[in-house]
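Chain and residue survey
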Amino acid sequence: MGLKGCSALFYSFEPPSDHSNYDEFIVEVEVKAAHNVLEACAQTDTIEKVVFTSSATAIIWGHENDQNSPSMDNLDEIHWSDIKFCRKFKLWHALSKTLAEKTAWALAMDRGVNMVSINAGLLMTPDLTITNPYLKGAAEMYEDGVLVTVDLDFLVEAHICVYEEISTYGRYLCFNHIINQTEDAIKLANMLSPSPSSPQSSENDTRIIQQRISNKKLNKLMVEWQPQINDLANQDECL
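Residues numbered from 1 in each chain as written. Predicted model: local features only at pLDDT ≥ 70, side-chain atom pairs only at ≥ 80, totals over all residues. Heavy atoms only, no water.

As named in an unreviewed UniProt entry, the chain is 3-beta hydroxysteroid dehydrogenase/isomerase domain-containing protein, taken from Anisodus acutangulus.

Here's what the structure looks like:
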């Protein structure tokens, strides 16, 4: 991996094209990839910061019966998905993201690499389908008030923000929408499976699931950083 002369690295993992489904094999591949990338960064003197793209699935799973878990009013950056829980229920995406991120953090702290992570919600793209591995357990996420999504523009802006802001540290939960109402859940279901069997609108179900996940840390950072974005935009307009 040639990083000589690079001052930053934005890391994200995509499964190999010949093995796109998440399973135990991909877990091992992703963990090894995270280790290798952070090791390469540790050996590159010019690297000033690593922005590690992780997932909200590395945060949300397996807290219901954990008496030692921090306050469950809201899940946020201090929480980690339970590895045994993920393995038991074959939540391979969550397990892979959790182990890979833990591996990256361990190496970054051991080798003195300046790293921040972005734990992104479900990325809303035109080609999103029900087969997306993030969505395994989607019904449970919805009922638990932790089914969150993120638009590409917002995710990109978050990456730029945590890179450019010197004071950033640790993990940042990144989402700009939560699916916690029947109407939103139906819209998402219809988008994922646009077929006659997709759920139809239910005017009688007006229930709102209590949100149990917080992105306050990132939102505060981006609000404080927003004037810088506007200044840059104004400069571009003047050019």
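Attention shifts here to helix α1 (residues 24-42). With 19 residues, α1 extends 27 Å from end C-alpha to end C-alpha; this agrees with the ideal 27 Å at 1.5 Å per step. Listed in full, the buried residues belonging to α1 are Ile-26, Val-27, Glu-30, Ala-34, Val-37, Leu-38, Glu-39, Ala-40 and Cys-41. On its buried face, α1 is in contact with β1 (8-11), β2 (49-55), α3 (92-111) and β3 (115-120). Of the residues that open α1, the one with a side-chain oxygen 3.1 Å from the backbone nitrogen of Phe-25 is Asp-23. (Helix = DSSP H or I, 4+ residues; strand = E, 2+ residues; numbered from the N terminus. Expected span 1.5 Å × (residues − 1). Buried < 20%, exposed > 50% of the residue type's maximum accessible area, 1.4 Å probe, protein only. Contact = heavy atoms within 4.5 Å. Polar contact = N/O pair within 3.5 Å; in protein donor to acceptor, adjacent residues only side chain to side chain.)

For the rest of this paragraph, the subject is the confidence of the model for the chain. Residue-level pLDDT values for the chain average 88, and 85% of them are 70 or greater. In this model, residues 235-239 is a region of pLDDT below 50 whose contacts with residues beyond four sequence positions or in other chains number 0 contacts. (pLDDT = per-residue confidence, 0-100.)

Attention now moves to unusual backbone geometry. Of note in this structure, Lys-90 is not a glycine but carries a positive phi near 55°. By the element assignment, Lys-90 lies in the loop between α2 (83-88) and α3.

Before going further, it helps to examine helix α5 (residues 152-164). The end-to-end C-alpha separation of α5 is 18 Å, in line with the 18 Å expected for 13 residues at 1.5 Å each. Looking only at α5, the buried set comprises Phe-154, Leu-155, Ala-158, His-159, Cys-161 and Val-162. Along the axis of α5, the buried residues cluster in a sector spanning 165°; they form a single face. (Arc of directions from axis to C-beta.)

Where burial is concerned, most of strand β6 (residues 170-174) is hidden: 4 out of the 5 residues are buried. As paired strands, β3 and β6 are joined by 5 bridges and run parallel to one another. Bridged to Val-116 within β6 is Gly-170. (Pairing = 2+ DSSP bridges.)

Here we come to the sheet that holds β3. Spatially, 4 strands are ordered β1-β2-β3-β6 in an open sheet, and the strand pairing comes out parallel. The open sheet is flanked by β1 and β6, the only strands paired with a single partner. Mean inter-strand twist for the sheet, computed between neighbouring axes without regard to direction, equals 20°. When β1 meets β2, the two strands line up parallel, connected through 4 bridges. The partner of Ala-8 across the bridge, within β2, is Lys-49. (Axes fitted to C-alpha atoms, helices over the stretch in contact; angles between N-to-C directions.)

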